Amino acid sequence: MSDMRERIIDTAIEDFTQNGLKFTMNDLAKALGISKKTIYTLFDSKQDLLMGIADRYTADFRKMQDELETNCELSAIQKLERLLCALPENYFNIGLNRIYELAEKYPKPYRYLMSSVNHGWDLAEKYLRLGIENDEIRDVSIPVVMSMVKGTVRCYMESRVLYENDLTYEQGKLEMVRILMKGIEVN
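Because the structure is a prediction, the values reported are computed rather than measured.

Trainee: For this particular structure, what's the right way to read empty space enclosed by the protein?
Mentor: Gaps left between atoms are located by rolling a probe of water-molecule size over the structure's atoms. Under the criterion given, the structure shown has two cavities of 30 Å³ or more. In this structure, the second largest cavity occupies an estimated 120 Å³ of space. As for the second largest cavity, its lining consists of 14 residues, of which Phe 61, Leu 83, Val 117, Trp 121 and Lys 173 are closest to the centre. Those elements that provide at least two residues to the lining of the second largest cavity are helix H4 (46–70), helix H5 (76–84), helix H8 (121–133), helix H9 (142–158) and helix H11 (169–184). When residues of the lining of the second largest cavity are assigned to their parent elements, the largest contribution, three residues, is made by H11.

Trainee: What is the right way to read helix H2 (residues 25–32) from this model?
Mentor: Along an α-helix, residues three or four positions apart point the same way, because every turn accommodates 3.6 residues. The complete set of buried residues in H2 reads Met 25, Leu 28, Ala 29 and Leu 32. In an axial view of H2, the angular spread of the buried residues amounts to 100°, which keeps them on one side of the axis. In this structure, H2 carries Lys 30 and Ala 31 as exposed residues pointing more than 90 degrees from its buried face. The inward-facing, buried residues of H2 abut helix H1 (3–19), helix H3 (36–42) and H4. Immediately beyond the C-terminal end of H2, within one or two residues, lies Gly 33, with a positive phi of roughly 70°.

Trainee: Quick question: what am I supposed to make of the packing of helix H7 (residues 107–119) against H9 here?
Mentor: For any two helices packed against each other, the geometry is given by the interaxial angle and the distance between the axes. Between H7 and H9, the shortest axis-to-axis distance is 12 Å and the interhelical angle comes to 155°. Classified by the angle between their axes, H7 and H9 sit roughly antiparallel to one another. Seen along the crossing, H7 lies across H9 with a hand that is right-handed. Every residue of H9 that contacts H7 at Tyr 110, Met 114 and Val 117 is listed here: Val 153, Met 157 and Glu 158. Its residues assigned to classes, the contact of H7 with H9 shows five nonpolar, no polar and one charged.

Trainee: Please clarify how the packing of aromatic side chains should be interpreted in this entry.
Mentor: Ring pairs (aromatic) are described by centroid distance and by the angle formed between their planes. Under the definition given, this model contains one aromatic pair. Both rings, one in Tyr 57 and one in Phe 61, keep their centres 5.6 Å apart while their planes meet at 10°; by these two values the pair is stacked. Taken together, the residues span about one helical turn, with Tyr 57 and Phe 61 both in helix H4 at a distance of four residues. For Tyr 57, a relative accessible area of 7% puts it in the buried group.

Trainee: Help me out: how do you make sense of the side chain of Arg 56 in this one?
Mentor: Among the structural elements, Arg 56 can be located in helix H4. Here Arg 56 falls in the buried class, since its relative accessible area comes to 13%. A distance of 2.5 Å separates the side chain of Arg 56 from the side chain of Glu 6, its partner in a polar contact.

Trainee: Please clarify how unusual backbone geometry should be interpreted in this entry.
Mentor: For residues that are not glycine, phi is negative in most cases, and the peptide bond is trans in most cases. Its identity is not glycine, yet Asp 135 carries a phi of approximately 60°, on the positive side. The backbone phi angle of Asp 166 is positive, close to 55°, even though this residue is not glycine. One can find Asp 166 in the loop between helix H10 (161–164) and H11.

Thresholds, definitions, all that
- Residues numbered from 1 in each chain as written.
- Predicted model: local features only at pLDDT ≥ 70, side-chain atom pairs only at ≥ 80, totals over all residues.
- Heavy atoms only, no water.
- 1 Å grid on protein atoms, 1.4 Å probe; cavity = no way out; pocket = protein on both sides within 12 Å on 5 of 7 lines; lining within 4 Å.
- Points joined across faces, edges and corners; volume = space filled by probe spheres on them.
- Helix = DSSP H or I, 4+ residues; strand = E, 2+ residues; numbered from the N terminus.
- Buried < 20%, exposed > 50% of the residue type's maximum accessible area, 1.4 Å probe, protein only.
- Arc of directions from axis to C-beta.
- Contact = heavy atoms within 4.5 Å.
- Axes fitted to C-alpha atoms, helices over the stretch in contact; angles between N-to-C directions.
- Parallel < 35°, antiparallel > 145°, perpendicular 65-115°, else oblique.
- Left-handed = near helix turned anticlockwise from the far one by under 90°.
- Nonpolar A, V, L, I, M, F, W, Y, C, P; charged D, E, K, R; others polar.
- Phe/Tyr/Trp six-rings, centres within 6.5 Å; stacked < 30°, edge-to-face > 60°.
- Polar contact = N/O pair within 3.5 Å; in protein donor to acceptor, adjacent residues only side chain to side chain.

Given below as structure tokens:
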């Protein structure tokens, strides 16, 4: 991927964090000190740029999952907790509490982004099973736990609940995980 493409994506992420989807290609061009035409040589449209951001997020998220999977020092419950709180470092404070805007206005990049999020559910189920087998997690219904987690993430992504309560996506996920883990962890 070209350096310019990466710079445009970085700047678009910054603008999204500050303005949600209200950022424009003109805003990006001005912030980068380039012409709008330069952006359009790399991205056909704003939706294409949003797909570029989703591509980067997907790659970063999968890398983070792979690192977690290969970490032999963590217990199953520690891996589960980290996975459920997982957010690649570059995306902290990105304004994911306003991701509902993406779902409403740009459904294609939103669906693509959600497919990346959904990729982690199999790993979460694996850690739940392993935690139950190792007596780190009490015997719970895995489908019920996963429905709770998926439902909460979907709610965060598709509604204004975080935005209206002045919570970041990171704060919402951390609170969900804290409540969930203390409810299933063996004392």
